[in-house]
Amino acid sequence: KAGVTQTPRYLIKTRGQQVTLSCSPISGHRSVSWYQQTPGQGLQFLFEYFSETQRNKGNFPGRFSGRQFSNSRSEMNVSTLELGDSALYLCASSLAPGNAQGHTLWATTNGYTFGSGTRLTVV
Amino acid sequence: SQQGEEDPQALSIQEGENATMNCSYKTSINNLQWYRQNSGRGLVHLILIRSNEREKHSGRLRVTLDTSKKSSSLLITASRAADTASYFCATAAMNTGFQKLVFGTGTRLLVSP
(Lines give C-alpha, C1' and ligand atoms only; values in the text may rest on other atoms or scores of the structure.)
Protein backbone atom coordinates (compact mmCIF):
# COMPACT_ATOMS: atom_id res chain seq x y z
CA LYS A 1 0.00 0.00 0.00
CA ALA A 2 1.13 3.57 -0.55
CA GLY A 3 3.13 5.20 2.20
CA VAL A 4 2.84 8.63 3.70
CA THR A 5 3.15 11.28 1.00
CA GLN A 6 4.44 14.74 1.72
CA THR A 7 4.49 17.56 -0.76
CA PRO A 8 6.44 19.46 -1.78
CA ARG A 9 9.79 17.78 -1.13
CA TYR A 10 11.76 21.00 -1.18
CA LEU A 11 10.74 24.60 -0.74
CA ILE A 12 12.57 27.90 -0.61
CA LYS A 13 10.73 30.87 0.83
CA THR A 14 11.60 34.41 1.81
CA ARG A 15 11.30 35.79 5.31
CA GLY A 16 7.83 37.13 5.99
CA GLN A 17 6.11 34.83 3.53
CA GLN A 18 3.79 32.03 4.47
CA VAL A 19 3.93 28.38 3.46
CA THR A 20 1.58 25.42 3.37
CA LEU A 21 2.81 21.84 3.52
CA SER A 22 0.71 18.82 2.71
CA CYS A 23 0.60 15.29 4.06
CA SER A 24 -1.43 12.34 2.85
CA PRO A 25 -1.43 9.52 5.39
CA ILE A 26 -1.64 5.82 4.74
CA SER A 27 -5.13 4.80 3.77
CA GLY A 28 -7.12 3.99 6.88
CA HIS A 29 -4.85 5.92 9.22
CA ARG A 30 -6.78 8.60 11.05
CA SER A 31 -4.02 10.17 13.09
CA VAL A 32 -1.55 12.57 11.51
CA SER A 33 1.28 14.16 13.46
CA TRP A 34 3.77 16.81 12.43
CA TYR A 35 7.35 17.17 13.59
CA GLN A 36 10.04 19.73 12.94
CA GLN A 37 13.65 18.61 12.70
CA THR A 38 16.55 21.02 12.96
CA PRO A 39 20.23 20.43 13.72
CA GLY A 40 19.99 22.52 16.86
CA GLN A 41 16.71 21.36 18.40
CA GLY A 42 16.40 17.89 16.91
CA LEU A 43 12.95 16.43 16.41
CA GLN A 44 10.22 18.51 17.97
CA PHE A 45 6.51 17.71 18.08
CA LEU A 46 4.30 20.30 16.39
CA PHE A 47 0.76 18.94 16.57
CA GLU A 48 -1.41 15.89 16.04
CA TYR A 49 -4.78 15.56 14.35
CA PHE A 50 -7.32 12.85 14.65
CA SER A 51 -10.63 12.85 12.81
CA GLU A 52 -10.22 16.51 11.82
CA THR A 53 -9.57 17.61 15.41
CA GLN A 54 -6.30 18.86 16.82
CA ARG A 55 -5.74 16.70 19.87
CA ASN A 56 -2.32 17.84 20.98
CA LYS A 57 -0.02 20.74 20.25
CA GLY A 58 3.64 21.24 20.87
CA ASN A 59 5.40 24.32 22.14
CA PHE A 60 5.45 26.36 18.96
CA PRO A 61 4.22 29.90 18.33
CA GLY A 62 0.82 30.58 16.84
CA ARG A 63 2.42 31.14 13.44
CA PHE A 64 2.37 27.37 13.14
CA SER A 65 -1.05 25.95 12.45
CA GLY A 66 -2.59 22.97 10.79
CA ARG A 67 -5.75 21.22 9.86
CA GLN A 68 -7.03 17.84 8.83
CA PHE A 69 -9.63 17.07 6.23
CA SER A 70 -12.34 14.45 6.23
CA ASN A 71 -10.16 12.13 4.15
CA SER A 72 -7.45 12.39 6.86
CA ARG A 73 -5.11 14.42 4.66
CA SER A 74 -3.46 17.16 6.65
CA GLU A 75 -1.88 20.50 5.96
CA MET A 76 0.33 22.63 8.11
CA ASN A 77 0.82 26.31 7.61
CA VAL A 78 3.56 28.63 8.79
CA SER A 79 2.92 32.33 8.51
CA THR A 80 5.39 35.19 8.65
CA LEU A 81 8.34 32.91 8.06
CA GLU A 82 11.55 33.45 10.00
CA LEU A 83 15.04 32.20 9.19
CA GLY A 84 14.79 29.84 12.15
CA ASP A 85 11.86 28.05 10.55
CA SER A 86 14.25 26.44 8.10
CA ALA A 87 13.94 22.77 8.85
CA LEU A 88 12.85 19.36 7.70
CA TYR A 89 9.14 19.01 8.40
CA LEU A 90 8.03 15.44 8.89
CA CYS A 91 4.53 14.07 8.87
CA ALA A 92 3.63 10.77 10.46
CA SER A 93 0.48 8.73 10.30
CA SER A 94 -0.78 6.08 12.65
CA LEU A 95 -3.68 3.74 12.87
CA ALA A 96 -4.21 5.11 16.37
CA PRO A 97 -7.51 3.53 17.24
CA GLY A 98 -9.18 5.70 19.79
CA ASN A 99 -11.96 5.49 22.29
CA ALA A 100 -15.06 7.62 22.25
CA GLN A 101 -13.07 10.58 23.55
CA GLY A 102 -10.53 10.23 20.78
CA HIS A 103 -7.84 9.00 23.12
CA THR A 104 -5.31 6.64 21.66
CA LEU A 105 -5.57 3.02 22.62
CA TRP A 106 -1.86 2.50 22.95
CA ALA A 107 -2.20 -1.22 23.40
CA THR A 108 -3.06 -1.56 19.75
CA THR A 109 -0.71 1.05 18.35
CA ASN A 110 2.32 -0.20 16.52
CA GLY A 111 4.29 2.89 15.81
CA TYR A 112 4.22 5.59 13.22
CA THR A 113 4.86 5.70 9.51
CA PHE A 114 6.71 8.80 8.46
CA GLY A 115 6.80 10.55 5.15
CA SER A 116 10.05 11.62 3.49
CA GLY A 117 9.58 15.15 4.72
CA THR A 118 9.52 18.63 3.27
CA ARG A 119 12.80 20.50 3.39
CA LEU A 120 11.96 24.17 3.95
CA THR A 121 14.62 26.81 3.53
CA VAL A 122 13.84 30.38 4.53
CA VAL A 123 16.14 33.02 3.04
CA SER B 1 12.85 20.32 24.89
CA GLN B 2 13.86 16.79 24.12
CA GLN B 3 13.27 14.17 26.72
CA GLY B 4 15.61 11.47 25.54
CA GLU B 5 19.33 11.47 25.53
CA GLU B 6 21.18 8.96 23.43
CA ASP B 7 24.62 7.61 23.86
CA PRO B 8 26.91 7.56 22.05
CA GLN B 9 26.28 10.53 19.77
CA ALA B 10 28.26 8.80 17.06
CA LEU B 11 29.48 5.25 16.56
CA SER B 12 31.83 3.91 13.91
CA ILE B 13 32.25 0.16 13.43
CA GLN B 14 33.21 -2.41 10.83
CA GLU B 15 30.77 -4.63 8.97
CA GLY B 16 29.98 -7.74 10.93
CA GLU B 17 30.43 -6.10 14.31
CA ASN B 18 27.60 -5.40 16.72
CA ALA B 19 26.37 -1.88 17.42
CA THR B 20 24.80 -0.87 20.73
CA MET B 21 23.00 2.40 21.29
CA ASN B 22 21.57 3.59 24.56
CA CYS B 23 18.66 5.88 25.32
CA SER B 24 17.65 7.48 28.59
CA TYR B 25 14.41 9.29 29.25
CA LYS B 26 12.90 11.28 32.07
CA THR B 27 9.23 10.55 32.63
CA SER B 28 7.03 7.48 32.87
CA ILE B 29 6.21 6.02 29.51
CA ASN B 30 3.61 3.88 27.85
CA ASN B 31 6.00 2.62 25.21
CA LEU B 32 9.37 3.34 23.64
CA GLN B 33 10.07 3.19 19.93
CA TRP B 34 13.21 3.14 17.85
CA TYR B 35 13.48 4.78 14.46
CA ARG B 36 16.14 4.96 11.76
CA GLN B 37 16.79 7.96 9.54
CA ASN B 38 18.93 7.94 6.43
CA SER B 39 20.59 11.20 5.41
CA GLY B 40 17.91 13.61 6.61
CA ARG B 41 15.08 11.66 5.03
CA GLY B 42 11.98 10.35 6.76
CA LEU B 43 12.07 8.17 9.82
CA VAL B 44 11.58 4.44 9.55
CA HIS B 45 9.94 2.66 12.45
CA LEU B 46 12.10 -0.22 13.67
CA ILE B 47 10.57 -1.59 16.81
CA LEU B 48 8.20 -0.71 19.66
CA ILE B 49 8.56 -2.00 23.17
CA ARG B 50 5.83 -1.49 25.74
CA SER B 51 6.44 -0.49 29.33
CA ASN B 52 5.54 -3.95 30.60
CA GLU B 53 8.08 -5.63 28.30
CA ARG B 54 11.76 -6.02 29.06
CA GLU B 55 13.18 -7.31 25.80
CA LYS B 56 12.09 -7.57 22.22
CA HIS B 57 13.66 -8.97 19.06
CA SER B 58 13.12 -8.24 15.42
CA GLY B 59 15.54 -9.82 12.96
CA ARG B 60 19.01 -8.48 13.79
CA LEU B 61 17.57 -5.98 16.26
CA ARG B 62 17.34 -6.50 19.99
CA VAL B 63 15.79 -3.88 22.24
CA THR B 64 15.80 -3.86 26.01
CA LEU B 65 13.86 -1.62 28.34
CA ASP B 66 14.56 -0.91 31.98
CA THR B 67 11.78 1.26 33.34
CA SER B 68 13.38 1.46 36.79
CA LYS B 69 16.42 3.12 35.24
CA LYS B 70 14.39 4.88 32.54
CA SER B 71 16.67 3.53 29.87
CA SER B 72 16.62 1.43 26.74
CA SER B 73 19.21 -0.05 24.45
CA LEU B 74 19.18 -1.03 20.80
CA LEU B 75 21.54 -3.73 19.64
CA ILE B 76 22.15 -4.32 15.95
CA THR B 77 23.95 -7.59 15.40
CA ALA B 78 26.18 -8.45 12.45
CA SER B 79 26.00 -4.91 11.12
CA ARG B 80 26.05 -4.10 7.43
CA ALA B 81 27.06 -1.00 5.50
CA ALA B 82 23.36 -0.46 4.80
CA ASP B 83 22.79 0.04 8.53
CA THR B 84 24.62 3.35 8.31
CA ALA B 85 22.07 5.90 9.49
CA SER B 86 20.96 7.93 12.49
CA TYR B 87 18.97 6.08 15.11
CA PHE B 88 16.46 7.73 17.41
CA CYS B 89 14.56 6.54 20.41
CA ALA B 90 11.13 8.04 20.99
CA THR B 91 8.90 7.76 24.00
CA ALA B 92 5.14 7.89 24.30
CA ALA B 93 4.21 9.38 27.63
CA MET B 94 2.17 7.55 30.22
CA ASN B 95 -1.12 8.86 31.46
CA THR B 96 -2.10 10.58 28.33
CA GLY B 97 -4.36 9.43 25.60
CA PHE B 98 -2.85 11.76 23.10
CA GLN B 99 -0.38 10.94 20.41
CA LYS B 100 2.91 12.61 21.06
CA LEU B 101 6.37 11.19 20.71
CA VAL B 102 9.36 12.75 22.41
CA PHE B 103 12.52 11.98 20.51
CA GLY B 104 16.03 11.52 21.74
CA THR B 105 19.04 13.30 20.34
CA GLY B 106 19.98 10.38 18.11
CA THR B 107 23.04 8.24 17.48
CA ARG B 108 24.83 8.45 14.15
CA LEU B 109 26.03 5.01 13.15
CA LEU B 110 28.67 4.52 10.47
CA VAL B 111 29.33 0.97 9.33
CA SER B 112 32.40 0.61 7.15
CA PRO B 113 32.84 -2.26 4.68
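Residues numbered from 1 in each chain as written. Chains lettered and ligands numbered in written order. Predicted model: local features only at pLDDT ≥ 70, side-chain atom pairs only at ≥ 80, totals over all residues. Heavy atoms only, no water.

A. Expanded view of the overall build of chain A. Counting secondary structure elements, chain A contains zero helices and eleven strands. Counting from the amino terminus, helix and strand elements in chain A follow one another as β-β-β-β-β-β-β-β-β-β-β. The proportion of buried residues among the 123 residues of chain A is 50%. Taking the intrachain contacts of chain A between residues at least 6 apart in sequence as the baseline, contacts between residues at least 24 apart amount to 57%. Total accessible area on chain A is roughly 5600 Å²; 49% of this is exposed by carbon and sulfur atoms. (Helix = DSSP H or I, 4+ residues; strand = E, 2+ residues; numbered from the N terminus. Buried < 20%, exposed > 50% of the residue type's maximum accessible area, 1.4 Å probe, protein only. Contact = heavy atoms within 4.5 Å. Areas by Shrake-Rupley, 256 points an atom, 1.4 Å probe, with all protein chains shown as cover.)

B. Inspection of the pairing of strand 3 (residues 19-24) of chain A at higher detail. All names here are of chain A. Where strand 1 (residues 5-7) lies against strand 3, three bridges are found, and the strand directions are antiparallel. Considered in strand 3, the bridge of T7 is made with S22. As paired strands, strand 3 and strand 8 (residues 74-78) are joined by five bridges and run antiparallel to one another. The residue bridging T20 from the neighbouring strand is N77, located in strand 8. (Pairing = 2+ DSSP bridges.)

C. Representation of the layout of surface pockets within the structure. What the largest pocket holds in volume is close to 580 Å³. For the largest pocket, the lining is made up of 28 residues, of which A:Q37, B:Q37, B:S86, B:F88 and B:R108 are closest to its centre. Where the lining of the largest pocket is concerned, the elements lending two or more residues are strand 4 (31-38) and strand 9 (87-94) of chain A together with strand 9 (85-93) and strand 11 (107-112) of chain B. Here the element with the most residues in the lining of the largest pocket is strand 11 of chain B; it accounts for four residues. A breakdown of the residues in the lining of the largest pocket according to their chemical character gives eight nonpolar, 18 polar and two charged. (1 Å grid on protein atoms, 1.4 Å probe; cavity = no way out; pocket = protein on both sides within 12 Å on 5 of 7 lines; lining within 4 Å. Points joined across faces, edges and corners; volume = space filled by probe spheres on them. Nonpolar A, V, L, I, M, F, W, Y, C, P; charged D, E, K, R; others polar.)

D. Examining unusual backbone geometry more closely. Here the bond from A:T7 into A:P8 is cis, since omega is -10 degrees, no more than 30 degrees from zero. For A:P8, the location among the structural elements is in the loop between strand 1 and strand 2 (10-13). A cis amide bond links B:D7 with the next residue in sequence, B:P8, at an omega value of -5 degrees. Counting through the fold element by element, B:P8 comes out in the loop between strand 1 (5-7) and strand 2 (10-14).

E. Quick peek at the pattern of salt bridges. Going through the model one piece at a time under the given rule, you end up with eight salt bridges over all chains. Here A:R63 makes a salt bridge to A:E82, at a shortest N to O gap of 3.6 Å. Placement of A:R63 in the loop between strand 6 (53-57) and strand 7 (64-68) and of A:E82 in the loop between strand 8 and strand 9 is noted, with a sequence separation of 19 residues between them. Classification of A:R63 as buried rests on a relative accessible area of 16%. We classify A:E82 as partly exposed; its relative accessible area is 42%. We note a salt bridge from B:E53 to B:K56, for which the minimum N-O separation is 3.9 Å. Taken together, the shared-partner salt bridges in this structure form one network comprising A:R63, A:E82 and A:D85. (Salt bridge = Lys/Arg side-chain N within 4 Å of Asp/Glu carboxyl O.)

F. Structural detail: the state of the cysteines. All names here are of chain A. In this structure the tally under the stated criterion is two disulfides over all chains. The partner cysteine of C23 in its disulfide is C91, sulfur to sulfur 1.7 Å. Across the S-S bond linking C23 and C91, the dihedral sits near -50 degrees, which makes this disulfide left-handed. A residue pair is termed long-range when its members are at least 10 positions apart, and C23 in strand 3 and C91 in strand 9 qualify at 68 residues. Of the two residues examined, C23 and C91, each falls in the buried class. (Disulfide = S-S within 2.5 Å.)

G. Up close: the sheet that holds strand 8 of chain A. Residues and elements named next belong to chain A. Strand order across the open sheet formed by four strands is 1-3-8-7, with antiparallel pairing between neighbours. The outermost strands of the open sheet, each flanked by one partner alone, are strand 1 and strand 7. On average, adjacent strands in this sheet sit at an angle of 15 degrees to one another, irrespective of strand direction. (Axes fitted to C-alpha atoms, helices over the stretch in contact; angles between N-to-C directions.)

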